[in-house]
Number of protein chains: 2
Amino acid sequence: MDNQNECHKESWVHYVSLPPPCLNDNTADVDRLTAQLKSLLNVTFLDMDLSLMALLPRVLRKANFNVRCILFGYDHRYHLLDVQPSNDCLPVFGLAIDLGTTRVVLRLLDLCKHNIITEITIDNPQCEIAPDVLARIHYTDQPGGLEHLQKLIIDAINQQIQNICTTNRINSKQILCMSIAGNTCMTHLFLGFPPQAIIREPYIPVINRQMIFPAITLGLHINPLARIFVFPNIGSYFGGDLVSGILALDMHHQTDTSIMVDVGTNAEVVLGNKDWMIACAGAAGPALESGVSKIGMTAGPGAIERIKQDHQLLSWQTIDKKKPVGICGSGFIDLAAVLFQSGMLDIRGKFVPDQCQDRLLIIDDIIHFLVVPADLSATGKNLTISQVDIDSLIRSKAAMYTILTTITQSVGIDLTDVSVFYVAGTFGAFIDPSSAITIGMIPDLPRKRYQSVGNTSIEGASRVLLSRKDIESVSDIQKHITYMELNVNQDFMNRFSAAKFLPHTDTRLFPSVKVPLS
Amino acid sequence: MDNQNECHKESWVHYVSLPPPCLNDNTADVDRLTAQLKSLLNVTFLDMDLSLMALLPRVLRKANFNVRCILFGYDHRYHLLDVQPSNDCLPVFGLAIDLGTTRVVLRLLDLCKHNIITEITIDNPQCEIAPDVLARIHYTDQPGGLEHLQKLIIDAINQQIQNICTTNRINSKQILCMSIAGNTCMTHLFLGFPPQAIIREPYIPVINRQMIFPAITLGLHINPLARIFVFPNIGSYFGGDLVSGILALDMHHQTDTSIMVDVGTNAEVVLGNKDWMIACAGAAGPALESGVSKIGMTAGPGAIERIKQDHQLLSWQTIDKKKPVGICGSGFIDLAAVLFQSGMLDIRGKFVPDQCQDRLLIIDDIIHFLVVPADLSATGKNLTISQVDIDSLIRSKAAMYTILTTITQSVGIDLTDVSVFYVAGTFGAFIDPSSAITIGMIPDLPRKRYQSVGNTSIEGASRVLLSRKDIESVSDIQKHITYMELNVNQDFMNRFSAAKFLPHTDTRLFPSVKVPLS
């Protein structure tokens, strides 16, 4: 197949000049157009909705049988979405959506020019009902709960579509495709699928494979015939957002073995290359998200995102350079690394009073470490971290490291064999790999192997709108991945116990980490 | 493939026992069910609507993963329409519809027991707007005209569905399939497709190939996921009702060559066997429908349907044995045959005054033949046939015979080579082949080769509901048929002129017809 043709097939828009019907060629309008398109695209199935068929005779004759066809499809199955006279040059738009538990990103793309028109981020309105996945699933146990959550997200998306179209002077009918990448629960709620079995053993989604259906099915206010592409899940805890991420990173095309980690309350990990891929997910504990400690918070203005030791003093950097109001995940990991390296935390993660000296306070019978004194904080109060907070972080980092060793060992490779270590998500954008290595959360690889990759979910969702090959890749990736249930057995617990030290009981695993003499 | 399996595949209902999910087999619900069904049925594509997916987790768990699946499909493409616990034994119904220009026949079938529950016939409500195809197409030129005609037929079908369901105590959601066989125009109006190009050279339908879509698309009040199967057309004047007829008669499986003729204002003809099939349609003139003569009428109570000569007198038989009110097509043909055989019509179809004697009347300067004197008629007036009526009949019969010779000669066979001659439609149910042969309307074949086959359209529509093989046959038939445009050229006109005599200028073609000496 030559490149010209290949490029042609990739396109959303195809120009067709049909021989007008005559007494010797009285093929019907729909049959005439689809036969030509099938032959042009070498496809077996070409679907067309009744409402479009009804418009066809007028369009064909108005256009003197020279038309511009908008098609969605992949493999050998295509859908004809619109037919216009060839001299109409209306743009064709697609909307990529990263459907996060907390935030929803909508990105409008021009599918002909291959550029981004606009991108907006909104709060997921379901947060007002229930902040996290678990709470939302419990909410669906109520009568009408699922319908309510679904309506909230559909309405919010429709509202944003209206805003985007008004701002950019676009007719919403020109949006002819939408791709949705979300975790398994968010995908279920979007589709109106009961999510209860996701969180109950044996953890069964309603569907894993990708779905494609017309916009009208869910009342999405774009062209009613526009196709909605929903990324497939791999399992209850490994969703379409990660499949989208794998696509965005091209992990499925790489010869070298790479790993992608997305850390939140759950750690989701995928390991592999073009020949094989294995995924798992496990509870990493809440230490790396907001709400864990009294000063813990998600990344936002005034959050301490970076901590360094400056001689005997701690220096910090906050988001937007505001006075500190709290500490977010990346800052917390920095803090633990600094405290460990300076001998203020021992290898068990316990505060060493001799080293901490007057920075240790007792509050409510629990030892706290003073991070920011009251006079320097935005709140006018001391910002402290308790031993309980540190213990929680240690469990989270141990879980993370255990998951990483479990998945690599399951395929008989060593963590040091991983050529690229992608850290995805908001968390990944801020974490300092050196600090994470110092506390033994992630393996002691050369720093340059770590790549912070940001929101790969919206990138992958954009890619399927721009390339049919990438749509085909999605189902390949989904079929390709082996999903490993993390069995929390004795072996896992042994590894977990060994990882609960700083950086690890086996310090040979972390040769670059200088373990202070106690 | 063994018979057991074959029989199984033919069924609408499939029982499936799924292994319940466990930690070692956490396949999602939809994926679990579709994988099992695909393997069971050996199909490539199995579609399932979002709304059914949403119900699946509850149904599967309630049924302990033993379910009864209702499927529509053919070839390797199936649609899952419903999933119920295996111990539910709800019947599955299908509705076959013959969508005629004048009458609509609805037949409800039990798809498991393969029996007819009820059949009703209603007037096509579009008749009130416009009586025939041409008038209806012109009506669609008005703004909203097409939508109005579509709404009339959809509403009428929905009203009858409600009546049928109430009378038979059926939940309309249990109707899971509907098949529609109509002529090209009626099919277009049902689908909301603009029909204008059908009647304008070069006579182009919107679509010819068959269509399958969910009931919800057209707002049909059966199960919203039920599949609507619309028979394909062959061309503007050869519709799905005839494809359905070919299926019902099994013409596409026969080794011998047969012919099917459906006569109305148009004569539609298909000729062929299992290896080839050719179709054409031509204007036969209005003589064989109502409204042609002052006493002409469609078959109804009091219509003279049969006329014989009883010595010098005419004897007639009316529908329902009522006093005669008019004469319908079959009676008219009998009359012409009797008048010709008795010498009252000459070979040109002109009344012979010497033979007709006092039965000839002059009304408005035109010669009329007295069929029923006033004292014997239901109207209290003379029922007469004029020379103009006879001339019209002669043109119709000549057109019919010319079409038949043209189609047979186009494939190089003789009319006498036709092993079975099917006469379809209401007209076919009443016509006396001997009379039609006597006037040279149909070829002089042994009488036993003629078969009156009634409403084959509703029979074919029923068959696709009962057998997947027959659904597959429909698209085979459609692809198989060559549609011949009847070119009204000099050759055709020569044949037509020769056929305008009784029975024909070449009397050798009608050896069994005794031509009276003039």
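Anyway, here's the lowdown on the structure attached to this text. (Residues numbered from 1 in each chain as written. Chains lettered and ligands numbered in written order. Predicted model: local features only at pLDDT ≥ 70, side-chain atom pairs only at ≥ 80, totals over all residues. Heavy atoms only, no water.)

### Quick word on the overall build of chain A
Moving on, step 1. In terms of helices and strands, chain A carries 15 helices and 22 strands.
Moving on, step 2. Each principal axis of the C-alpha atoms in chain A carries an extent, and together these give about 100 × 50 × 45 Å.
Moving on, step 3. For chain A, the proportion of its 518 residues judged to be buried stands at 58%.
Moving on, step 4. Considering only residue pairs separated by 6 or more positions, chain A has 63% of its internal contacts joining residues 24 or more positions apart.
Moving on, step 5. When the accessible surface of chain A is summed, it comes to about 21200 Å², and 51% of that surface belongs to carbon and sulfur atoms.
Moving on, step 6. In chain A, 42 side chains carry a positive charge and 51 a negative one; their mean positions are 3 Å apart. (Helix = DSSP H or I, 4+ residues; strand = E, 2+ residues; numbered from the N terminus. Buried < 20%, exposed > 50% of the residue type's maximum accessible area, 1.4 Å probe, protein only. Contact = heavy atoms within 4.5 Å. Areas by Shrake-Rupley, 256 points an atom, 1.4 Å probe, with all protein chains shown as cover. Lys, Arg positive; Asp, Glu negative; His and termini not counted. Charge placed at Lys NZ, Arg CZ, Asp CG, Glu CD.)

### Quick look at the interface of chain A and chain B
Moving on, step 1. Taken residue by residue, the interface counts 39 residues in chain A and 39 residues in chain B.
Moving on, step 2. Approximately 3200 Å² of surface area, both sides summed, lies buried where chain A meets chain B, with 66% of it carried by carbon and sulfur atoms.
Moving on, step 3. The interface formed by chain A and chain B holds 2 salt bridges in total.
Moving on, step 4. One salt bridge in this structure joins Asp31(A) and Arg209(B), with 3.9 Å as the shortest N-O distance.
Moving on, step 5. Counting the contacts that link chain A with chain B gives 12 residue pairs in polar contact (both at pLDDT 80 or more).
Moving on, step 6. Those elements that provide at least two residues to the side of chain A that touches chain B are helix H2 (29–41), strand S2 (45–48), helix H3 (50–62) and strand S9 (211–214) of chain A.
Moving on, step 7. The element best represented in the side of chain A that touches chain B is H3(A), accounting for 5 residues.
Moving on, step 8. Taken together, the residues of the side of chain A that touches chain B sort by class into 25 nonpolar, 6 polar and 8 charged. (Buried area = accessible area lost by both parts, 1.4 Å probe. Salt bridge = Lys/Arg side-chain N within 4 Å of Asp/Glu carboxyl O. Polar contact = N/O pair within 3.5 Å; in protein donor to acceptor, adjacent residues only side chain to side chain. Nonpolar A, V, L, I, M, F, W, Y, C, P; charged D, E, K, R; others polar.)

### Side note on unusual backbone geometry
Moving on, step 1. For the bond from Leu502(A) to Pro503(A), the omega torsion is -15°, close enough to zero to count as cis.
Moving on, step 2. Summarising the element assignment, Pro503(A) is placed in the segment after helix H15 (490–498).
Moving on, step 3. Here the phi dihedral of Asp250(B) falls at roughly 60°; this positive angle occurs in a residue that is not glycine.
Moving on, step 4. The topology assignment puts Asp250(B) in the loop between helix H7 (240–249) and strand S11 (258–263).
Moving on, step 5. Look at Asp250(B) and you get partly exposed, because its relative accessible area is 24%.
Moving on, step 6. Phi is positive for Asp364(B), close to 50°, though the residue is something other than glycine.
Moving on, step 7. Its place among the elements puts Asp364(B) in the loop between strand S17 (360–363) and strand S18 (366–372).
Moving on, step 8. Taking the relative accessible area as the measure of exposure, Asp364(B) reaches 62% and is therefore exposed.

### Side note on the sheet that holds strand S1 (residues 13–17) of chain A
In a beta sheet, neighbouring strands are held together by backbone hydrogen bonds and run either parallel or antiparallel to one another.
Residues and elements named next belong to chain A.
Moving on, step 1. Strands sit in the order S1-S3-S4-S2 across an open sheet of 4 strands; the sheet is mixed. The sheet terminates laterally at S1 and S2, the two strands that pair on one side only. Here the average twist between neighbouring strands, direction ignored, is 40°.
Moving on, step 2. Sheet topology note: the S1/strand S3 (residues 66–74) ladder contains 5 bridges and is antiparallel. Its bridge partner lying in S3, Val 16 is registered against Val 67.
Moving on, step 3. Helix-sheet contacts for H3 involve S2, S3 and strand S4 (77–85), and the interaxial angle to S4 is about 40°.
Moving on, step 4. Against the sheet, helix H14 (residues 468–480) contacts S1, S3 and S4, and its axis sits at roughly 20° relative to S3. (Pairing = 2+ DSSP bridges. Axes fitted to C-alpha atoms, helices over the stretch in contact; angles between N-to-C directions.)

### Some details on the relation of the copies chain A and chain B
Moving on, step 1. Taken as rigid bodies, chain A and chain B are interconverted by a rotation of 180° and an axial shift of 0.0 Å, the fit giving an RMSD of 0.1 Å. A rotation of that kind, with that shift, is consistent with a two-fold axis. Nearest to the rotation axis, the C-alpha of Thr217(A) is located 5.3 Å from it, this being the minimum over chain A.
Moving on, step 2. Interface residue correspondence from chain A to chain B reaches 100%, placing this contact among same-surface, isologous pairings. (Least-squares fit on C-alpha atoms with pLDDT ≥ 70 in both.)

### Here we look at the environment of Gln341(A)
Residues and elements named next belong to chain A.
Moving on, step 1. Along the polypeptide, Gln 341 turns up in helix H8 (residues 329–341).
Moving on, step 2. Under the relative-accessibility criterion, Gln 341 is labelled partly exposed at 35%.
Moving on, step 3. For the pair Gln 341 and Ile 439, spaced 98 residues apart in sequence, the C-alpha separation works out to 9.1 Å.
Moving on, step 4. With residues up to four places along the chain from it excluded, the contact list for Gln 341 reads Thr 438, Val 513, Lys 514 and Pro 516.

### Remarks on the sheet that holds strand S17 (residues 360–363) of chain A
Residues and elements named next belong to chain A.
Moving on, step 1. Pairing within the open sheet is antiparallel, and its 3 strands lie in the order S17-S18-S19. Only two strands of the sheet have a single neighbouring strand rather than two, namely S17 and strand S19 (383–386). When the angles between neighbouring strand axes are averaged without regard to direction, this sheet yields 45°.
Moving on, step 2. Direction of pairing for S17 relative to strand S18 (residues 366–372): antiparallel, over a ladder of 4 bridges. For Leu 360, the partnering residue across the bridge sits in S18 and is Phe 369.

### Comments concerning the nonpolar core
Moving on, step 1. Ranked by internal contacts, the top residues of the largest apolar core, which has 67 residues, are Leu33(A), Met178(B), Phe190(B) and Ile228(B).
Moving on, step 2. Looking at this core element by element, the count peaks at 9 residues for helix H5 (residues 145–167) of chain B.
Moving on, step 3. The residues contacting Leu33(A), other than those within four sequence positions of it, are Val16(A), Leu18(A), Leu56(A), Val67(A), Cys69(A), Leu80(A) and Val83(A).
Moving on, step 4. Counting 66 residues, the second-largest nonpolar core is a separate cluster that includes Ile153(A), Val206(A), Ile207(A) and Ile228(A). (Core = buried A, V, L, I, M, F, W, Y, C linked by side-chain atoms within 4.5 Å.)

### Let's talk about the pairing of strand S15 (residues 313–318) of chain A
All names here are of chain A.
Moving on, step 1. For strand S14 (residues 303–310) and S15, the ladder comprises 6 bridges, and the chain directions are antiparallel. Within the sheet, the bridge partner assigned to Arg 306 lies in S15 and is Gln 317.
Moving on, step 2. Between S14 and S15, which follow one another and run antiparallel, lie 2 residues, and His 311 among them has a positive phi close to 55°.

### Some thoughts on the packing of aromatic side chains
Residue and element names in this part refer to chain A.
Moving on, step 1. Under the criterion given, the structure shown has 13 aromatic pairs over all chains.
Moving on, step 2. With centroids separated by 5.6 Å and ring planes inclined at 40°, the aromatic side chains of Trp 12 and Phe 72 adopt a geometry described as tilted. With Trp 12 in the loop between helix H1 (3–10) and S1 and Phe 72 in strand S3, this residue pair connects regions lying 60 residues apart in the sequence.
Moving on, step 3. The buried category is assigned to Trp 12, whose relative accessible area is 3%.
Moving on, step 4. When its relative accessible area of 1% is taken as the criterion, Phe 72 is described as buried. (Phe/Tyr/Trp six-rings, centres within 6.5 Å; stacked < 30°, edge-to-face > 60°.)

### Considering H2(A)
Residues and elements named next belong to chain A.
Moving on, step 1. Here H2 contains 13 residues, and its C-alpha end-to-end distance of 18 Å stays within 8% of the 18 Å for a straight helix at 1.5 Å per residue.
Moving on, step 2. The complete set of buried residues in H2 reads Asp 29, Val 30, Asp 31, Arg 32, Leu 33, Thr 34, Leu 37 and Leu 41.
Moving on, step 3. Asn 42, located one to two residues past H2, shows a positive phi value of around 55°. (Expected span 1.5 Å × (residues − 1).)

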